[in-house]
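Fold and contact review
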Amino acid sequence: MKSGLYGFLFAMWILILLGGGILVTILGPISISGFGQFDMFISSIIKAIIAIILVVIWVLILSKLKNWIFRKEIKS
């Protein structure tokens, strides 16, 4: 039981670190131009939407991983 739980926690931390790296290195430098005053506003909205999508994907991955680990533990 503990190895499955530790695996889940390890995967969770890996996703958190990868997510932070992706957000800082890829999403950080994105800039939009051509909208005048609204350049920063539009680029912030795009960055926020991408970040929210990534969070939803990470939650779904962790949920699937959790279900797989606990099903495996229940069967054994």
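Residues numbered from 1 in each chain as written. Predicted model: local features only at pLDDT ≥ 70, side-chain atom pairs only at ≥ 80, totals over all residues. Heavy atoms only, no water.

Quick look at the UniProt feature "transmembrane region" (unreviewed entry) in the protein
We count it as follows: UniProt positions are given in the numbering used here, feature names are shortened, and annotations may be inferred rather than shown by experiment. A run of DSSP states H or I qualifies as a helix once it reaches four residues; a run of E qualifies as a strand once it reaches two. Both are numbered from the N-terminal end.
What UniProt calls "transmembrane region" (unreviewed entry) maps, in this numbering, to residues 7-28 and 40-62. The annotated region residues 7-28 carries 95% helix and 0% strand content, and the separation between its end C-alpha atoms amounts to 30 Å. Helix makes up 100% of residues 40-62 and strand 0%, with an end-to-end C-alpha separation of 33 Å.

Some points on a positive patch on the surface
Keep this limit in mind: Patch membership needs two things, relative accessible area over 30% and no salt bridge, and members are linked within 9 Å if like-charged or within 5 Å if nonpolar (Val, Leu, Ile, Met, Phe, Trp, Tyr). For the accessible areas, the method is Shrake-Rupley and the probe is 1.4 Å, while residue cover comes only from the protein chains on display. Salt bridges are defined by distance alone: a side-chain nitrogen of Lys or Arg within 4 Å of a carboxyl oxygen of Asp or Glu. Positive: Lys, Arg. Negative: Asp, Glu. His and the chain ends are not part of the count. Charged side chains are reduced to one point each, which is NZ for Lys, CZ for Arg, CG for Asp and CD for Glu.
A contiguous patch of positive charge on the surface is contributed by Lys64, Lys66, Arg71 and Lys75. Position of Lys66 relative to the elements: it lies in helix H2 (residues 39-75).

Details of the nonpolar core
This is how the line gets drawn: Buried Ala, Val, Leu, Ile, Met, Phe, Trp, Tyr and Cys residues form a nonpolar core when they are joined through side-chain atoms within 4.5 Å. Under the scheme applied here, a residue whose accessible area is under 20% of the maximum for its type counts as buried, over 50% as exposed, and between as partly exposed, the area being computed with a 1.4 Å probe on protein chains only. Two residues qualify as a contact provided that any one of their heavy atoms is within 4.5 Å of a heavy atom in the partner residue.
Phe8, Leu15, Leu54, Trp58, Leu62 and Ile69 together form the largest nonpolar core, which totals six residues. Of all the secondary structure elements, the ones that give two or more residues to this core are helix H1 (2-27) and H2. Examining the composition of this core, we find that four residues originate from one element, H2, more than from any other. Not counting chain neighbours up to four residues away, the residues in contact with Trp58 comprise Leu15 and Gly19.

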